[in-house]
Structures are given as structure tokens and as C-alpha cells.
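Secondary and tertiary structure notes
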Amino acid sequence: MESDSKSATAGKVLRCKAAICRNPGEPLVIEDIEVDPPKAWEIRIKIICTTLCHTDITYWKMKTGLVAAFPRIFGHEAVGVVESVGEHVEEFIVGDTVLPVFLPNCNECRDCKSQKSNLCTKFQNNYPPNMPRDGTSRFRDMNGEILHHFLWVSSFTEYTVVDVTHAVKITPEIPADKACLLGCGVSTGIGAAWKVAEVEEGSTVAIFGLGPVGLAVAEGARQRGALKIIAVDLNPGKFDIGKKFGVTDFINPKTCGEKSVSEVIKELTDGGADYCFECIGLASLMQEAFLSSRKGWGKTVILGVEMHGSQLSLNPYEFLRGRSVIGTLFGGIKPKSDIPLLAKKYLDNELSLDEFISHELSFQEINKAFELHQEGKSLRCIIWMDR
Amino acid sequence: MDEKSSSETRGNPIRCRAAVSRKPGEPLVIEEVMVAPPMAHEVRIRIICTSLCHSDITFWKLKDFPGIFPRILGHEAIGVVESVGEDVDEVSEGDTVIPTFMPDCGDCVDCRSKKSNLCSKLPFKVSPWMPRHETSRFTDLKGEVLYHFLFVSSFSEYTVVDVAHVTKIDPSIAPNRACLLSCGVSTGVGAAWRTANVEKGSTVVIFGLGSIGLAVAEGARLCGATKIIGVDLNPDKFENGKKFGVTDFVNSGNCGDKSVSQVINEMTDGGADYCFECVGMASLVHEAYACCRKGWGKTIVLGVDKPGSKLSLSSFEVLHSGKSLMGSLFGGLKAKSDIPILLKKYLDKELQLDEFVTHEVRFDDINKAFDLLIEGNCLRCVIWMDKQVSS
């Protein structure tokens, strides 16, 4: 395809289907919407497939607060093809395979230029509901009512518009259902093990919470040669799934008896794990993870979004003993440079993604994905737009 | 007592003078004590000089356990080996050595790892005894046991120390400089150099400009930090701090409506690369965390707060900031390998130690050292064991 060719719909308002959430906690309704053409530094993407992530559920339910905005188009883990580009866009051309991502990556700010940070400061975002540069929406329903964006992605629609800082070009070789997994949860877990913790061969690792993020941490740790991967989860059914991702030991907090989880982990690891990951979002577990880490060098990585806004309470004495704590968004992943690397690892069979997919649905069935998730029956449910 | 040759004392108890702390908070009493010969893996040392550290004061005042009396305090010192017990190959009679509260057995998983200085074989704890046999080598002339302190007990003309707590050093270095590396200065310099691994060109903030904080500044300067902000309630500390590399000063009592962290975030355009807490207050650790830069900032806890104190952080901020919170004992240093490196840096005039010594007294006047440190205008007061103070 020539680089300056345009699609037939370039520059025009597109009419397509989207799954709209009109009120918090209500099933999404699939309706026709209008999607404006991309403005400067924006691209319009035809979504191939998308998945549901816990963060979608959290905000789908949220009635009040700075971040709540309805009606809204959710979804932030997806893969698509560029349909048209706005002015000043040089990074992408029509036909490129791209992942829209919630974390910006401008490649100009101090953080983007540093290897040590993935927290792009171009927009100083505090989760505004719409497009990052001008705060407006590109979506309207057929009554002309604004539909709010979500995490600068909004993938529960046949077409979306994202800022170039929130899009990553990837090779079309990677199958779409595997590619979209790299947009959030799986990358977060792998990144946490590889980039933030830097798990080494022979390490012992403890993972609190075996949802997709925790399983991805296990996969990442296994790929790095971790010897012992201990998973903590209230659901014993998760052990079998966990084993597929490298989990070697399983702890169910309900069956620890008199002992605390950290005491059990310390016994299993002869003093504490080298790396502990909290992948649920509960301060009490973050504290327990910290106590489970080994003196001298034990590192605790926080990935979970605390569900009650609770404070983390830690004993300073434990820090003097050489322990450390670090939190991470998106596992330290710098989207534009690291996601393509993960895609390549998948293609080279150095990274396993297939087992994350537990279900596949058509776009029309999208509410079933919510049900499956809430029933705890799914890992990642692929929602295909064209089926 | 006059210095005797090892051939006269080896294998026998030594009668010598020690400054004994008999009651919490009361002046030390200089009295004659008996120092037993070293057991296996132990070394008996004739102390040349010792310096007073804040931790001595803390335990001197402590009425309840781990405060314990009567005790021979002191843990920052330098001496000469008088005799060695069985199975000691590392040092011999006549060697100049620095005793340290931190063990370095060289053999366990931690000692062999680059990532940890917390020896597992002889784990550090505040104990009244010798580490291996859990007995004391000191008795007073009535035969009453005198307790050890931090495995060193340097407020005595002779002491017995486990070989894991002894570092052999170059004898040519002035003892009133070398002894500083036995605790405080090593802790601060190490924190910057080893624990934080301060990079060239960094911005550093130090909460608390006592000896530890100033040593952190010196360590940060050595690592090439270009902006070193000192935070203290006492403005006099800035002038002094400049000698150790402090480039900017924030008087935490004088920030008006703003918090210290707000002032620092403004000064550093978003936060410092490294923030060190060198006082020992949870609230200051919170301030330090608040003004370390998101993305890569590191907050390092060095100060020791009261038992039971807790750090309370916003989980949201921890997750979204990417900041690390860490800490260490003894600056993360491995005594036997790192102290000689630091001494060499001193000899090569890269590391400065001279400015830390603000006072020097004779052993008889040891209580003056306590007064000086408590008054607050003293960094390190060196206490000489010889009858004459070496000037």
C-alpha cells in the first residue's frame, strides 16, 4: 500500500457500532454511533479484537468521583488497523497494525527518554475522560450526545480515535488475539518480572493473586529461570492454571491455620522470597507481601490498584534490613519500544500467550464477557468485532 | 596501664581500665576490669582510640531491654591485635584493625552475595554478649559480669571481638580518621555509594545533617551528585554542610505554609533522584518519599525510629509514582572489603574524613564526649586511650 494512500472514509465522520455504557454497572448496549475523523496527532483505528480487563470493570461500576463519566465507551486492551491519520502524524500510516494503549509514550519528555522510567509526562494525566490534547470526545450517539472515552483508548467499538502517544505499531505477523493481550494485563505482569524486579535465574518469587496479571508475572519469572514460583490465592482452582504458567507452589490463605501467609512463605523459602508481587489491590496483602520478602535484598513490587484507597503501613525496621518496595504502572513497560519486543518474543516462542485466552465471543455477546469475569470464570475473553 | 607486649599477656586475662556504664543515663565510671583472653574465632584488641556515636547514647539512656547494665559501650574504634584465639587466620598479633558492629563472615549466602551485607551466619542484633558463645569476656574486679555492646565494646583499653567483626587495615592511616569508618561515616558514605548507588549528575536530598547525613553528602559528592540539598532545623548546619558537599539548604522550620517536600519539589522541578532520611522519624520518611522524583526516585531509610513506629504511604501514590523505598544498615557495606576501599579513597584525597572530627579528649574525660554530642555542636569526638591526647 502506498504511504500516501488514504482510505475511502478518511476525513469523514464514520458511522459504526459501539457497546455503550449509559449508566454505571448496567449492561452495555450496542448501538450505532458517529466517530469523528482524527484531529492533528491522532489516528483512527478499526478494531479487530479487544478484551475485558479488571480495570474496565472497576470504572464501569464507579458511580461518582472525578473519574466517573457516562455515557462511556469502555475497553482499553485491543488491536486494530489504522484507518486514517490526522495532521502531523508521521509515525503511522493507513493499514498499520497498532495497539492502542492506556499509558502514553511521547518519546520526547524526560521520562520517555530515560531508560529508568515509563511514566510519560507529556500530558500530566489525571484520568480526564476524553482526548488528551483538547479534552474533547470523538464519539457521539445518534442523538448527538457525547460519549466519553476511557483511558484514551475506548476499544469496545468498531472504530476508535486515539492520540499518537497512545498507539504502538506492531508487526502484523502476530495473531490478533495474542497481540491484543499485550495492551495491558499481560504486559504489566511480564514487565513487572523482567523490568521492575529483574528476576534472575534461580530466584524465588511469591505472587499474591493469580488473575491474569499474577499469571503473567509467573510467566515472566519462569522465562527468567526463577526456581520457585509461589502463588497465593483464595481459590485453590487456580493452582492448576497456575502450573501452566510456571507456578511451583501454592498457598491458600484459608488453610494456613495459625500461621500467616508470610510465615508460610518464609518457611518455604528459608527466610523469604527474593521478589514478591502484589497483583490484587489490597493494602493488607501488599503488607503481607513485604513481610514475605527476604532480608538483604528482598524486593516487593506493587501492581494492584488498592480497591479501598487504604494506606500502606510498613515497619521502617524492615527497610533497614535491606528490603525495598516499588510500585509500577504497566510493569515498567515503555509501550512503543517494549511491546514490539514482547510480540517478537512471542513469535520466537520465548513467551507464551495462548493460555491466557479462556474464551472467545462475538461483539454482540460482549456483556457475557462481563458476566464471565465477575463469576471468576475467565482469564482473558477475546471479543471479535467482525464475528 | 602501660602497654605490654603480647608475649606477656597472651593467653592470660588482662587487667586494664574501662569506662563502665553502670546505670542508665549516668556518667560512665572509669574503673579497672578484667578482660579474658580470646576464645576460638575471637581477637583481643588494644584500643588506640574510639569515637562516640548517637547509638551509644541511645542505649546508654535505655532503662529497659535491650538496654542492660553494667555495660561497656562504644562501637566506633581502631586498635591493634594483642592476641588471637584458636582458628583465627585472618589477623595476627600487631595488626591494626577496625572492629565493626556489623559482621562479615565472608562465607554465608549474604556475605557472598553482592546484594546484601546482612551476614546470616552471625546475624546482627543488639546483644549483651559475644556472638558465638553468648558469654562475656569482661568482669569487674568483684567478678561481676560486664555486658558487651554491639559486639565491640570499645570504651575499654582492651576488648575482645569476634573475628567476623574485625577488619584488618593499613596501619599508616591516622587512627583518629580511620576509626570513623567503624560506623557513622561508613554508614552515610555507604548509603550513597552502595545502597542508593547515586549516579553522576544526580540531585540528592538529605534529611538530617548530623554525622550520618553529612557522611551521605560526602558519599553523594564522591559519586558525582551535582545538587545536594540538606534539610535541617538548625541553620548553623548549612555552613558546616558546605564542607561536605551540601549545595543547598532547607530550614525545615522555616517553610511557611508549605511542607518541606513542596519546597523541595519546587527546587528540583519535580523531585530529587535520591532522598535520604538520616534522623529516624517516620514523618520525615514520608516527607522524603513525597519529594523524591516519580519515575525513578529512590527514598533511602537510614535513621532508626522508636520500636513500633510505622511508615504510612498512599497505595495509590506507590503504584502510580514508580518510586522505590529502601534502606540499609551500615550503608550496605561489607566491612572487610569496603572499609579498606574507603580508606584508600581517603589516602588518595578523594574521600574527606578530617572535617568529621570536631573534638578530641582523653579517655579520662570520656563523659565530656557525651555532653558534647548531646549539646549538639559536635560531630565526632575522638577519645584517645593513651594518657596523652595525640594532636
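Higher on the page you've got the structure.
Here's what I pulled together on the structure shown here.

Here the focus is the overall build of chain B. The secondary structure content of chain B amounts to twelve helices and 19 strands. Taking 2.2 N^0.38 as the reference for a compact globule, 391 residues should give roughly 21 Å; the C-alpha atoms of chain B span a radius of gyration of 21 Å, in line with that estimate. Seen along its three principal axes, the alpha-carbon backbone of chain B occupies a region of about 65 × 40 × 40 Å. In chain B, which comprises 391 residues, the share counted as buried stands at 60%. For chain B, contacts bridging at least 24 residues in sequence account for 70% of all contacts bridging at least 6. Accessible surface, chain B: about 15200 Å² in total, of which carbon and sulfur atoms supply 50%. Averaged over its 44 positive side-chain charges, chain B has a centre that lies 3 Å from the centre of its 51 negative ones.

Let's shift gears to the packing of helix 1 (residues 54-61) of chain A against helix 11 (residues 366-374) of chain A. Residue and element names in this part refer to chain A. In the contact formed by helix 1 and helix 11, the axes pass within 11 Å of each other and the chain directions differ by 100 degrees. Classified by the interaxial angle, the pair formed by helix 1 and helix 11 is roughly perpendicular. Contacts from His54, Ile57, Trp60 and Lys61 of helix 1 reach helix 11 at Phe370, His373 and Gln374.

Our next topic: helix 5 (residues 184-195) of chain B. Residues and elements named next belong to chain B. Most of helix 5 sits out of view: eleven of its twelve residues are buried. Those residues of helix 5 that fall on the buried side of the exposure criterion are Gly184, Val185, Ser186, Thr187, Gly188, Val189, Gly190, Ala191, Ala192, Trp193 and Thr195. Phi turns positive one or two residues past the end of helix 5, at Asn197, with a value near 55 degrees.

As a further point, take the interface of chain B and chain A. Contacts between the two partners involve 37 residues from chain B and, on the opposite side, 39 residues from chain A. Roughly 3300 Å² is buried in total at the junction of chain B and chain A, and carbon and sulfur atoms are behind 57% of that figure. For chain B, the biggest contributors to the area lost against chain A are Lys115, Trp296 and Leu319 of chain B; these three give 21% of the whole. Seen at the junction of chain B and chain A, the total is six salt bridges. For Asp110 of chain B, the salt bridge goes to Lys295 of chain A, with nearest N and O atoms at 3.2 Å. Summed over the shared surface of chain B and chain A, the result is 16 residue pairs in polar contact (both at pLDDT 80 or more). At the level of secondary structure, the elements contributing two or more residues to the side of chain B that touches chain A comprise helix 3 (109-112), strand 16 (311-314), helix 10 (315-321) and strand 17 (324-327) of chain B. Here the element with the most residues in the side of chain B that touches chain A is helix 10 of chain B; it accounts for five residues. Grouping the amino acids of the side of chain B that touches chain A by side-chain chemistry returns 14 nonpolar, 15 polar and eight charged. As defined by bridge partners, strand 15 (residues 311-314) of chain A adjoins strand 16 of chain B across four bridges and the pair is classed as antiparallel. Counterpart to Leu312 of chain A in the pairing with strand 16 of chain B is Leu313 of chain B.

All names here are of chain A. All told, the structure shown has 17 aromatic pairs over all chains when counted by the stated rule. Ring plane angle 55 degrees and centroid distance 5.8 Å describe the contact between Tyr59 and Phe150, whose orientation is recorded as tilted. Pair noted here: Tyr59 is in helix 1 and Phe150 is in the loop between strand 7 (146-147) and strand 8 (159-163), with a separation of 91 residues, a long-range link. The exposure classification of Tyr59 matches that of Phe150, with both residues buried. Both rings, one in Phe290 and one in Phe319, keep their centres 4.7 Å apart while their planes meet at 35 degrees; by these two values the pair is tilted. Residue Phe290 is located in helix 8 (residues 283-291), and its partner Phe319 is located in helix 9 (residues 316-320); the two are separated by 29 residues in the primary sequence.

Looking now at the pattern of salt bridges. Summed over all chains, the structure comprises 62 salt bridges over all chains. With its nearest N and O atoms 3.7 Å apart, the salt bridge here joins Lys46 of chain A to Asp386 of chain A. Of the two residues, Lys46 of chain A sits in strand 3 (residues 42-51) while Asp386 of chain A sits in the segment after strand 18 (380-384), which places them 340 residues apart along the sequence. One network of salt bridges, in which partners are shared, links Arg17, Glu157, Arg362, Asp364, Asp365 and Lys368 of chain B.

So, about the nonpolar core. Ranked by internal contacts, the top residues of the largest apolar core, which has 225 residues, are Phe156 and Phe277 of chain A together with Phe155 and Phe276 of chain B. Val205, Phe207, Ile264 and Cys275 of chain B belong to the second-largest nonpolar core, a separate cluster that totals 15 residues.

The peptide bond linking Phe65 of chain B to Pro66 of chain B adopts the cis configuration, its omega dihedral lying at 10 degrees. Omega for the peptide link from Phe69 of chain B to Pro70 of chain B comes to 0 degrees, which places this bond in the cis form. With a phi close to 50 degrees, Leu151 of chain A is a non-glycine residue in the positive phi region. For Leu151 of chain A, the location among the structural elements is in the loop between strand 7 and strand 8.

All names here are of chain A. Overall, antiparallel pairing links the four strands, which are arranged 1-2-6-7 in an open sheet. In the strand order of this sheet, the two ends are held by strand 1 (14-20) and strand 7, each with one partner. Where strand 2 (residues 29-35) meets strand 6 (residues 139-141), three bridges bridge the pair, whose relative direction is antiparallel. Note on strand 6: the bridge partner recorded for Ile33 is Asp141.

What follows concerns the side chain of Asn118 of chain A. All names here are of chain A. Assignment of secondary structure puts Asn118 in the loop between helix 2 (110-113) and strand 6. Separated by 2.9 Å, the side chain of Asn118 and the backbone oxygen of Leu329 make a polar contact. A distance of 2.9 Å separates a polar atom in the side chain of Asn118 from the backbone oxygen of Ile333.

Mapped onto the elements, Phe356 of chain B comes out in the loop between helix 11 (335-347) and strand 18 (357-362). Contact partners of Phe356 of chain B, with chain neighbours within four places excluded, come to Leu180, Val185, Ser211, Leu214, Ala215, Phe244, Leu379 and Arg380 of chain B.

Criteria and thresholds
Residues take numbers from 1 onward in each chain, read along the sequence in its written order. Following the order in which they are written, the chains are lettered starting with A and the ligands numbered starting with 1. Per-residue local features are limited, in this predicted model, to residues with pLDDT of at least 70; the limit for side-chain atom pairs, both in listing and counting, is 80 or more; totals at the level of whole chains, interfaces and linings are taken over all residues. The basis for every side-chain value is the complete set of heavy atoms in the structure, and neither hydrogens nor water enter the calculation. Numbered from the N terminus, helices here are DSSP runs of H or I no shorter than four residues, and strands are runs of E no shorter than two. Each radius of gyration is computed over the set of C-alpha atoms, and the globule rule expresses the reference value as 2.2 Å times the number of residues to the power 0.38. Each residue gets one of three labels from its accessible area relative to the maximum for its type: buried under 20%, exposed over 50%, partly exposed in between, using a 1.4 Å probe on protein chains only. Between two residues, a contact is recorded if the distance between any of their heavy atoms is within 4.5 Å. Surface exposure here means Shrake-Rupley accessible area, sampled with a 1.4 Å probe, where a residue is shielded only by the protein chains that are shown. Charged residues are defined here as Lys and Arg on the positive side and Asp and Glu on the negative side; His and the ends of the chain fall outside this count. Think of each charge as sitting on NZ of Lys, CZ of Arg, CG of Asp or CD of Glu. For helices, the axis comes from a line fit to the C-alpha atoms of the stretch in contact; other axes are also lines fit to C-alpha atoms, and the angle between any two N-to-C directions lies between 0 and 180 degrees. Orientation categories follow fixed angle ranges, with anything under 35 degrees roughly parallel, anything over 145 roughly antiparallel, 65 to 115 roughly perpendicular, and all other angles oblique. Two parts lose some accessible area (1.4 Å probe) when they are put together, and adding that loss for both gives the buried area. Only one rule defines a salt bridge in this text: a Lys or Arg side-chain nitrogen within 4 Å of an Asp or Glu carboxyl oxygen. N or O atoms closer than or at 3.5 Å make up a polar contact, with two conditions inside protein: a donor-capable atom paired with an acceptor-capable one, and, for residues adjacent in sequence, both atoms drawn from side chains. Classification convention: Asp, Glu, Lys, Arg as charged; Ala, Val, Leu, Ile, Met, Phe, Trp, Tyr, Cys, Pro as nonpolar; all other residues, Gly among them, as polar. A pair of strands counts as paired when DSSP detects no fewer than two bridges linking them. Each aromatic pair joins two rings of Phe, Tyr and Trp (for Trp, the six-membered one) with centres within 6.5 Å, and gets the label stacked for planes under 30 degrees apart, edge-to-face for over 60, and tilted for any other angle. We define the nonpolar core as a collection of buried residues of types Ala, Val, Leu, Ile, Met, Phe, Trp, Tyr and Cys that are connected through side-chain atoms lying within 4.5 Å of one another.

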